[in-house]
Amino acid sequence: MDKGRKISCEIIKDILPLYYDNVCSDDSKKMVEEHLRECHNCKMELEKLKDEIHVPEKTIVENRKDVNVLKNISASWRRKRLKSFIKGGILSALLISIIILGYVGLFEWKIISVSTDVVEIREVSEMENGIIVFYAEINDGYSLNTIKYDADNEGNLFVTPLRPIIKEKADEQPPYGLEKGYDFIDIKDQEDYRGMEIKTIYYGTPNDKILIWKKGMALPKTSKEVEKNLGF
């Protein structure tokens, strides 16, 4: 005891935080405890220290609640951000699709038939094997690169020139596209393919057409030069 009293309170007060945290040496701990048995002031200092450091259970619970609230807010924000990202991706994909479809529809999709008002059909002839040859010219100054061949149930074959909504200017010098040149129809191949007799051939559509050939029509023979031009 006498040895403990020789230690000043100031020294004990300096050691008290270490003692409270249980990080001091065993000798220091013993010294503090011997001093506290006899010194009321230092014992009070230790109690104050406990009060200052101790966190009430209520505060801990409230802090945990606050942390949980923050976690919930963070999770909700992440979910909203993911939904926004997905919505943004869908909208972007939709916009790109609309742009592509719009481009295809305007420049690539061949849906507009050419009016026969700007079409001239001439030099209709027949090869020895029965193939019908004709020269078609579209003279409105726009190019053509798609021709559709179709037949109805009555044996009418339609050679229909198609364009996209946005037309392109035709080349003024050869080689020309399909808007100007020779074409031919192999009637036997068409009949075999469609399983029906071809009676007439028209250039255009059922509602806007030019007669090219009709069964029984007398036609001149195709010249060798034209046949060579067609690759025969």
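Each chain has its residues counted from 1, following the order in which its sequence is written. Local features in a predicted model are, by the rule used here, given only for residues with pLDDT of at least 70; side-chain atom pairs are given and counted only at 80 or more, and totals for whole chains, interfaces and linings are based on all residues. Processing note: side-chain calculations cover all non-hydrogen atoms of the structure and skip hydrogens and water entirely.

**With respect to the confidence of the model for the chain**
pLDDT: the predictor's confidence for each residue, scored from 0 to 100. When pLDDT is averaged across the chain, the result is 82; 81% of the residues are at 70 or more. Mean pLDDT across the elements of the chain ranges from a minimum in helix 1 (residues 2–5), with 44, to a maximum in strand 7 (residues 200–205), with 96. In this model residues 1–5 is a low-confidence stretch, pLDDT under 50, and it forms 5 contacts with partners more than four residues away in sequence or in other chains. Per the convention used, a helix needs a DSSP run of H or I reaching at least four residues, while a strand needs a run of E reaching at least two, with both numbered from the N terminus. Should any heavy atoms of two residues lie within 4.5 Å, those residues are considered in contact.

**Overview of a nonpolar patch on the surface**
Two joining distances apply to patches: 9 Å for like charges and 5 Å for nonpolar side chains (Val, Leu, Ile, Met, Phe, Trp, Tyr), and every residue must have over 30% relative accessible area and no salt bridge. The Shrake-Rupley method, run with a 1.4 Å probe, gives the accessible areas here. Residue values count only the displayed protein chains as cover. For this document, the term salt bridge refers to a Lys or Arg side-chain nitrogen within 4 Å of an Asp or Glu carboxyl oxygen. On the surface, Leu82, Phe85, Ile86 and Ile90 cluster together to form a nonpolar patch covering roughly 440 Å² of accessible area. Looking at the element boundaries, Phe85 is found in helix 5 (residues 57–108). Throughout, exposure labels follow a simple rule: accessible area from a 1.4 Å probe, protein chains only, divided by the maximum for the residue type, with under 20% read as buried, over 50% as exposed, and the rest as partly exposed. Residue classification places Phe85 among the exposed residues on the basis of a relative accessible area of 63%.

**Some thoughts on the packing of aromatic side chains**
Aromatic rings considered in pairs are described by the distance between their centres and by the relative angle of their planes. We call Phe, Tyr and Trp rings a pair once their centres come within 6.5 Å, taking the six-membered ring for Trp, and we label the pair stacked below 30 degrees between planes, edge-to-face above 60, and tilted otherwise. For the structure shown, the criterion picks out 4 aromatic pairs. Ring centres of Phe158 and Tyr202 lie 5.6 Å apart, and the angle between their planes is 20 degrees; on these two criteria the pair is classed as stacked. Residue Phe158 is found in strand 5 (residues 156–163), and its partner Tyr202 is found in strand 7; the two are separated by 44 residues along the sequence. Here Phe158 and Tyr202 have matching classes, each one buried. Relative to Phe232, the ring of Phe184 has its centre 5.1 Å away and its plane inclined at 80 degrees; by these criteria the two rings are edge-to-face. You can see Phe184 sitting in strand 6 (residues 180–185) and its partner Phe232 sitting in the segment after helix 7 (224–230), a full 48 residues away along the chain.

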